[in-house]
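The chain contents come next:
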Amino acid sequence: MRDISNLPIPKLSLLLTHAGMLAEQVLRAFWPFFSILMAILAALMLGLQDMVRVETVWVAGAISLIALFVAAIFGIRRLHLPTRAEALVRLDETLPGRPIQALLDEQAIGAADADSVALWSAHQARMAQRAAQAEPVKPDLRLASRDPYALRYAALLALIVAALFGSFWRIGSVTEMAPGTAMAGQGPTWEGWVEPPRYTGLPTLYLADQDDARLTIPQNSRITLRFYGEVGAHSLTETTSELGSEAATAPEQDFVAARSGELKIEGPSGRDWSVAIVSDQPPQVAVAGGAVSEAGGQMKLPFDASDDYGVVSGSARIELDMPAVDRRYGLATEPEPRETITIDLPMPIAGDRSEFTEDLIEDFSQHPWAHLPVKITLMAQDAADQQAESEPYATALPARRFFDPLAAAVIEQRRDLLWSRDNALRVSQVLRAVSYLPEDVFRSETAYLRLRVLLRRLELFDQYGLKSEQQEEIAQALWELAVLIEDGTLADALERMRRAQERLTEAMQNGATDEEIAELMQELREATEDYMRQLQRLAQENGEGGQNQQGQNGETLQMTQDDLQRMMDRIQELMEQGRMAEAQQALEEFQQMMENMRVTQGQGQGGQSEGQQAMEGLAETLREQQGLSDQAFRDLQEQFNPGAQAGESQGNEGRNGGLGRGQSHEGQGGRGQGSDPEGDGTEGQGSLADRQQALRDELQRQQEGLPGGGTPEGDAAREALDRAGRAMDDAEDALRGDDLAEAIDRQSEAMEALREGMRSLGEALAQNQQNQPGQGTQDGDMQAQSRDPLGRTPGAAGSISTEENLLQGEDVYRRARELLDEIRRRTGETDRPQIELEYLKRLLERF
């Protein structure tokens, strides 16, 4: 037989296989020993021995040692040390053809035959090659059959937990214990913790780890000390609790640190600290601005609140300021007692409550104190139940305002009735006097009849003694009557406008003729004018005539009759061209705008500041540039598809300014129809290139008087407008060279630069306004005036764009998909001109 040591086997593979087999045998034999050892170490590292009596520790220790001894004997008896031959067999079993065994075999027959010997030698050579490629065999360390309950994993998990949350040095405390001495056997040692109040969110401190002589902890922190060993070996002296303690020797000390003082542990390994208490400051709350009435009559009161560890809750107390009440007419009667209004303050849902600003929003329109002088006191409370109140804030309780004289009179009498039931007769007499000639006062017969019924019920109740329930019933009916009178006319006008819009929508869906469309559009115009007259009447009664109307939420919106006329003309034009989908979308936007708009009375532009005029001029330039870009794109389509755009070429308009379509780009014999920049309907002559040049000249003129010079924002605005001017020059050159695709790209660059310039200019004006508070009356309305008719906020710092979605909900995604699908469809039409296909591809790459 061949010598095993001479086999051509990789020594490393054989060594690793041998080691793996040894690991298998050790693990199978000693896994109970290892499991018991890990469990004992975990218990000691977690300090379980310090929590029980010393006798219990020694009994458990004896049992553990016996278990370890038995497990060790069991493992030694079962342990089998693998030999080299066994390792070769394990390695040979993983190789194809058992090459190691083949190398150990000898030729049985044919030893005298040279050919047989040669064949045997070749076989041995092949086996040697296979054996030389042997890889280490992975050991089988699975113990599921021997440990079906996975006790080894439980012991390992306990050891890991002890390593993370325990201490290896706690094992040494066992050596200090002796049987028979329950307390003295534990040795003279101590432990201590400082647990701050939970609401502080601070971690617990382990006193033995506090090396600094000064200990700073929150007020009302709980200090726990435990003395181990002989009683009296350690003593505690502290002056931080309410009663304090002097040389206390109890095994366990527990007290609350209420004030700064000394903490001293006397005895072996004793320590002392100077304890500094961080007081829990009471919360602070204050009114942060004036109380205003939101749209719909809700009161909005901003407030600030803060606390060192966070405000838990708050409330607002509203009391009638009786000395400030104008005690005349119905208020001259002694009022009926009413409870103070108490409402909860809104708290931040998420985030830090240590310092925040919120708005208290509540509707008091139907409360008897509406519009009367009140005092509002805010209260805040922290987790330590400390409370703080703000200074009383005096104001007239904000509520809904009624501008119709009759509605206002009804609301005033309702207030008098709620003020005191003794006013019932006076209220009845005043309302009868107001309604003496109903045809001159009431616009609605329904409102008049409801008032008569209310008066009869009120007089009947008063005859037999008006009760509180009846008082509330009549007050609610008077409120509903006032709302009917106030909103009835405006609601009727809005309803007529909606019906006209619905009829127009049905006509578009049913393919109406041009005559029917013109008739329905005229009906819509009349209904819209009536609706605007009602809105203007309300604005005048609100004292906003002739001024830029500022909404109750601080937003200023402006919509003139010319703007509405242009929008309706655009809708009619789209329908006449057969572009019903676009007309439907424009009509929906028009309807939404009309339902939400606030109309400014008057068209005057007087009193505008220089900054506001510059912003409006740049906005007009941007609209003109957008119109030119739209017209260039239509001309690009018509240039290669004259038949497809023939229906749209007659009287087609650009958006918001640049209107008309150019017939020539060289300016030689060409004419373009459009509208002037002011949108007054006059027609201008000239090619797109000439109009682009005129727009460039206008931008240059605007740059000469641009405000904000000398500031970083102003310089950035001038730089952006310079880029816009250069892009306009390039667009003009491209138009004169009949390169419409290049012109559109340059016009896009010009519009983007204009937007950037307007943003920078807006920031410069805002900064200037902050530095000069006195200019707020002139420049302060610029941001509000930049809002669109739908009430959407524009882009940052005066940008003509908006940071909000132009479409709401899923429409924005649907519209984007439709546009992209249409561009992709046109890109796939290979019969289109190459220049148009290249432009469409550039659009896909950009968007």
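In what follows, the structure referred to is the one given above.
Before going into details, it helps to say that this report is about the structure given with it. Please read all numbers here as calculations on a predicted model, not as lab measurements.

On to the sheet that holds strand β4 (residues 221-228). Within a sheet, each strand pairs with its neighbour through backbone hydrogen bonds, oriented either parallel or antiparallel. Ordered in space as β2-β1-β4-β7, the four strands form an open sheet in which the pairing is antiparallel. With one partner strand each, in any of the chains shown, β2 (205-206) and β7 (252-257) form the two edges of the open sheet. Two elements, strand β1 (residues 189-195) and β2, share two bridges in a ladder whose sense is antiparallel. Of the residues in β2, the one forming a bridge with Trp193 is Tyr206.

So, on to helix α5 (residues 114-132). Its 19 residues place the ends of α5 27 Å apart at the C-alpha level, agreeing with the 27 Å of an ideal helix rising 1.5 Å per residue. Looking at the packing, one finds that the buried side of α5 touches α4 (99-104). Where α5 begins, the capping side chain belongs to Asp113, and its oxygen is found 3.2 Å from the backbone nitrogen of Asp115.

In total, this model carries two cavities of 30 Å³ or more according to the counting rule given. Counted as a void, the largest cavity has a volume near 60 Å³. Together, eleven residues line the largest cavity, and Phe227, Gly229, Glu230, Val231 and Gly232 are the ones closest to its centre. Its residues placed into classes, the lining of the largest cavity shows six nonpolar, four polar and one charged.

Looking now at the sheet that holds strand β9 (residues 272-278). The five strands are arranged β3-β9-β8-β5-β6 in an open sheet whose pairing can be described as mixed. Pairing within the sheet leaves two strands with one partner each, and these edge strands are β3 (214-218) and β6 (245-248). Ignoring strand direction, the axes of neighbouring strands in this sheet form an average angle of 20 degrees. With four bridges connecting them, strand β5 (residues 235-238) and strand β8 (residues 261-266) associate as antiparallel partners. From the neighbouring strand, Ser235 faces β8, where its bridge partner is Glu266.

For the rest of this paragraph, the subject is the packing of helix α8 (residues 424-434) against helix α10 (residues 445-463). The interhelical angle for the contact between α8 and α10, taken along N-to-C directions, is 155 degrees, at an axis separation of 10 Å. One way to sum up the angle between α8 and α10 is to call them roughly antiparallel. In the packing of α8 onto α10, the handedness of the crossing is left-handed. Where α8 approaches α10, its residues Ala424, Leu425, Val427, Ser428, Leu431 and Arg432 are matched on the opposing element by Leu451, Arg452, Leu455, Arg456, Leu458, Glu459 and Asp462. Grouping the amino acids of the contact of α8 with α10 by side-chain chemistry returns seven nonpolar, one polar and five charged.

The next point concerns unusual backbone geometry. Its identity is not glycine, yet Ala150 carries a phi of approximately 55 degrees, on the positive side. Mapping Ala150 onto the fold places it in the loop between α5 and α6 (151-165). The phi dihedral of Asp385 is positive, around 65 degrees, even though this residue is not glycine. With respect to the secondary-structure elements, Asp385 resides in the loop between β16 (373-382) and β17 (387-389).

Rules used in this analysis
Along each chain, numbering runs from 1 in the same order as the chain's sequence is written. Where totals are concerned, whole chains, interfaces and linings use all residues; where local detail is concerned, this predicted model gives features only for residues with pLDDT of at least 70, and gives and counts side-chain atom pairs only at 80 or more. To obtain the side-chain values, all non-hydrogen atoms of the structure were included, while hydrogens and water were left out. At least two bridges found by DSSP between two strands is the condition for calling them paired. Every helix listed is a DSSP run of H or I at least four residues long, and every strand listed is a run of E at least two residues long, numbered separately from the N terminus. What a helix should span is 1.5 Å times the count of its residues minus one. Here, residues are in contact when the closest pair of their heavy atoms is within 4.5 Å. Definition of a polar contact: a pair of N or O atoms within 3.5 Å, with one able to donate and the other able to accept a hydrogen when the atoms are protein atoms, and with sequence-neighbouring residues admitted only if both atoms are side-chain atoms. Cavities and pockets are defined on a 1 Å grid built over the protein atoms alone: a cavity is a set of grid points where a 1.4 Å probe fits but cannot escape, while a pocket is an open set with protein on both sides within 12 Å along at least five of seven lines, and lining residues are those with an atom within 4 Å of any such point. Grid points are joined across faces, edges and corners, and a volume is the space filled by probe spheres set on the points. In the scheme used here, Gly and all other residues not listed as nonpolar or charged are polar, with Ala, Val, Leu, Ile, Met, Phe, Trp, Tyr, Cys and Pro taken as nonpolar and Asp, Glu, Lys and Arg as charged. Orientation is described by lines fitted to C-alpha atoms, with helices fitted over the stretch in contact, and by angles between N-to-C directions that extend from 0 to 180 degrees. Here is the rule for angles: anything less than 35 degrees is roughly parallel, anything more than 145 is roughly antiparallel, 65 through 115 is roughly perpendicular, and the remaining ranges are oblique. Put simply, a crossing is left-handed when the front helix is turned counterclockwise from the back one by less than a right angle, and right-handed when it is turned clockwise.

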